[in-house]
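Descriptive structure summary
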Amino acid sequence: MTVATIRVHLPTSAPSAIDRSYDITVGRGLLPTVGAAVKAAGGRRAVVITDAAIAATHAAAVEIGLRSAGIEATALIVRSGEGSKSITEAGRLWDALAEHAVDRRTHVIAVGGGVVGDLAGFVAATFGRGLACWQVPTTVVAQVDSAIGGKTGINLTAGKNLVGAFWQPHGVIADIDTLATLPAREFVSGFAEVVKYGMILDAAFFSWLEDNVGPLMARDPAALAHAVERSAALKAGVVEQDERELTGLRAVLNYGHTFAHAYETAAGYGTLLHGEAVAIGMARAARLARDLGRVSDDLIARQDQLLLGLGLPVEPPPGVDLPAEALLEVMARDKKAVGGELRFVLPARIGHVELVEGVSTLLVRRALVG
Ligand SMILES: NC(=O)c1ccc[n+]([C@@H]2O[C@H](COP(=O)([O-])OP(=O)(O)OC[C@H]3O[C@@H](n4cnc5c(N)ncnc54)[C@H](O)[C@@H]3O)[C@@H](O)[C@H]2O)c1
Ligand SMILES: [Zn+2]
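What you are looking at is a predicted structure, and each value in this text was computed from that prediction instead of being measured.

All right, on to the sheet that holds strand β2 (residues 22–27) then. Within a sheet, neighbouring strands are paired by backbone hydrogen bonds and run either parallel or antiparallel to one another. In space, the seven strands of this open sheet follow the order β1-β2-β9-β6-β5-β3-β4, with mixed pairing throughout. Of all strands in the sheet, those with a lone pairing partner are β1 (4–8) and β4 (72–78), marking the two edges. Each strand axis lies, on average, 15° off the axis of its neighbour in the sheet, ignoring direction. Taken together, the two bridges between strand β6 (residues 133–137) and strand β9 (residues 171–175) define a ladder with parallel strand orientation. Opposite Gln135, over in β9, you have Val172 as the bridge partner. Where helix α3 (residues 87–99) meets the sheet, its contacts fall on β3 (45–51) and β4, and the angle it forms with β4 comes to roughly 160°. Where helix α4 (residues 114–126) meets the sheet, its contacts fall on β3, β4, β5 (106–112) and β6, and the angle it forms with β5 comes to roughly 165°.

All right, on to the coordination of the zinc ion (ligand 2) then. Ideal values for angles at a metal depend on the geometry: 109.5 degrees with four tetrahedral donors, 90 or 180 degrees with six octahedral donors. Looking at the metal site, the zinc ion (ligand 2) is ligated by Glu193 (OE), His257 (NE2) and His274 (NE2), spaced 2.0 to 2.1 Å from it. Donor residues for the zinc ion (ligand 2) sit on one chain with the sequence pattern E-x63-H-x16-H. Of the two residues, His257 sits in helix α11 (residues 257–267) while His274 sits in helix α12 (residues 274–291), which places them 17 residues apart along the sequence.

With that out of the way, let us pick up the packing of α3 against α4. Between two packed helices, what matters for the description is the angle formed by their axes and the separation of those axes. At a minimum axis separation of 10 Å, α3 and α4 run at an interaxial angle of 50°. Comparing the axis directions of α3 and α4 gives the class oblique. Between α3 and α4 the crossing geometry is right-handed. Note on element contacts: α4 touches α3 through Leu119, Phe122, Val123 and Thr126, opposite Glu89, Ala90, Leu93, Trp94 and Leu97. The residue makeup of the contact of α3 with α4, split by class, is seven nonpolar, one polar and one charged.

Bringing the site of ligand 1 into the picture now. By nearness alone, 25 residues border ligand 1, and Glu82, Gly114, Thr138, Thr139 and Thr181 come closest of all. In the model, an oxygen atom of ligand 1 is placed 2.8 Å from a nitrogen or oxygen of the Gly114 main chain. Against a free-state accessible area of 860 Å², the protein chains account for coverage of 84% of ligand 1. Taken together, the elements giving at least two residues each to the shell around ligand 1 come down to α4, α5 (140–146) and β8 (159–166). A breakdown of the residues in the shell around ligand 1 according to their chemical character gives six nonpolar, ten polar and nine charged.

General note: in soluble globular proteins, nonpolar side chains tend to be found buried as a group. The biggest cluster of nonpolar side chains holds 84 residues, and the ones touching the most others in it are Ile24, Phe191, Phe259 and Val364. In terms of residue count, α12 provides more of this core than any other element does, ten residues in total. Two domains each put at least three residues into this core: domain 1 (4–182) and domain 2 (241–369). The residues touching Ile24, leaving out its near neighbours within four places in the chain, are Ala4, Thr5, Ile6, Val8, Ile148, Val172, Ala232 and Ala236. Ranked by size, the runner-up nonpolar core spans 21 residues in total, among them Ala90, Leu97, Ala120 and Val123.

So, about unusual backbone geometry. At Arg129, a residue that is not glycine, the phi angle is positive and equals roughly 55°. As for its placement among the helices and strands, Arg129 is situated in the loop between α4 and β6. Even without a glycine there, the phi angle at Asn161 is positive, about 55°. One can find Asn161 in strand β8.

This brings us to the layout of surface pockets. Sizing a probe to match a water molecule and rolling it over the atoms shows the empty space that remains. Put simply, the second largest pocket is a space of about 520 Å³. Contributing to the lining of the second largest pocket are 24 residues, with Ile18, Arg20, Trp167, Gln168 and His170 lying nearest its centre. The class makeup of the residues in the lining of the second largest pocket is ten nonpolar, eight polar and six charged.

Here we come to a nonpolar patch on the surface. Where nonpolar side chains cluster on the molecular surface, the patch consists of Leu156, Leu162 and Val163 and spans about 230 Å² of accessible area. Positionally, Leu156 belongs in strand β7 (residues 151–156).

Conventions we followed
Residues numbered from 1 in each chain as written. Chains lettered and ligands numbered in written order. Predicted model: local features only at pLDDT ≥ 70, side-chain atom pairs only at ≥ 80, totals over all residues. Heavy atoms only, no water. Pairing = 2+ DSSP bridges. Helix = DSSP H or I, 4+ residues; strand = E, 2+ residues; numbered from the N terminus. Axes fitted to C-alpha atoms, helices over the stretch in contact; angles between N-to-C directions. Contact = heavy atoms within 4.5 Å. Donors = N, O, S within 2.8 Å, 3.2 Å for Na, K, Ca; no water. Parallel < 35°, antiparallel > 145°, perpendicular 65-115°, else oblique. Left-handed = near helix turned anticlockwise from the far one by under 90°. Nonpolar A, V, L, I, M, F, W, Y, C, P; charged D, E, K, R; others polar. Near = heavy atom within 4 Å. Polar contact = N/O pair within 3.5 Å; in protein donor to acceptor, adjacent residues only side chain to side chain. Areas by Shrake-Rupley, 256 points an atom, 1.4 Å probe, with all protein chains shown as cover. Core = buried A, V, L, I, M, F, W, Y, C linked by side-chain atoms within 4.5 Å. Buried < 20%, exposed > 50% of the residue type's maximum accessible area, 1.4 Å probe, protein only. Domains from an automatic or database assignment. 1 Å grid on protein atoms, 1.4 Å probe; cavity = no way out; pocket = protein on both sides within 12 Å on 5 of 7 lines; lining within 4 Å. Points joined across faces, edges and corners; volume = space filled by probe spheres on them. Patch = residues over 30% accessible without salt bridge, like charges linked within 9 Å, V, L, I, M, F, W, Y side chains within 5 Å. Salt bridge = Lys/Arg side-chain N within 4 Å of Asp/Glu carboxyl O.

Written as structure tokens, this is what we have:
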């Protein structure tokens, strides 16, 4: 299998004229090649920040590659789970970096899912006024979403991702082989964002997904590589055009997410995986678009069929009791930030979405139960 490279073009930072553009590399057997990439970029020492679940396997493969490239490597292991995206854990990592006498030629390598990527990226952004950081994503979510775009951060008790920084990586190296060890529920959940990219930006990719449900669920490496590569390229394209969420273009990535956040919050964090909530959210958003006369039942049917085929839900699972009132309340609270008006990213057709303002609560309620 060939290795695909997607260049993310970003404006040069003034006044130092540093080129911030970087490559996303997607393929098999890439973990041992991280060392050569870091070396080529001028790294002389490396701190590998990784998830306890993969420290002895995938992260160890990265460390071996670093050492054989002549780079001194230290591993810092983070406990698995969202709880590690905390100020306590960031503090522990800052202290560890200080202890290892980290200098300007030390690169941080995040090996793991979105938790490690967001945490390690944030620690790299903030330690010593910024260390070079590499993202080596090992979950579907991380390979198609969180490792790309430079958003890093940690959670507060008051809410998720409340403290963070934009910190673009030096490179993203997505080794498809790492997905072989992902637990089934985590694996499937990541595909909600993949379906999202097809829905918001690429009808041909959506059709390809419809035709490749079998190989994808069998974790066929060639199918996975194509899905990751296409998703990464689509996200990179959006990030290039709206790096810091200023123009509103990056908002298309929020398709399904207003509903999803409501389901995640109302169900209690951890009940639904994020991707599961996004799948339900996209199914609801499509129904809302239909009720507004923007799309036909055919679009809902195709999206539902693809999501269900991938093993994702289109409505809350039995036992997750979510009254419409509670969901609407969460959405209304979410919306305070944008002036109290309900607005949604809704499909216009497969491959294209639009921002729709001033949606009535009545229709939202109907989409939640319909
Ligand atoms: N920065 C962004 O733009 C962005 C975008 C989307 C999500 N996120 C963040 O990403 C996080 C979720 O990421 P995630 O879904 O990858 O979760 P995660 O990092 O918690 O990983 C999921 C689980 O898989 C395990 N794991 C990771 N790689 C594995 C592998 N190869 N084999 C076996 N097990 C493995 C982990 O230990 C964990 O239990 C959230 O905190 C979310 O806020 C950030
Ligand atoms: Zn998401």
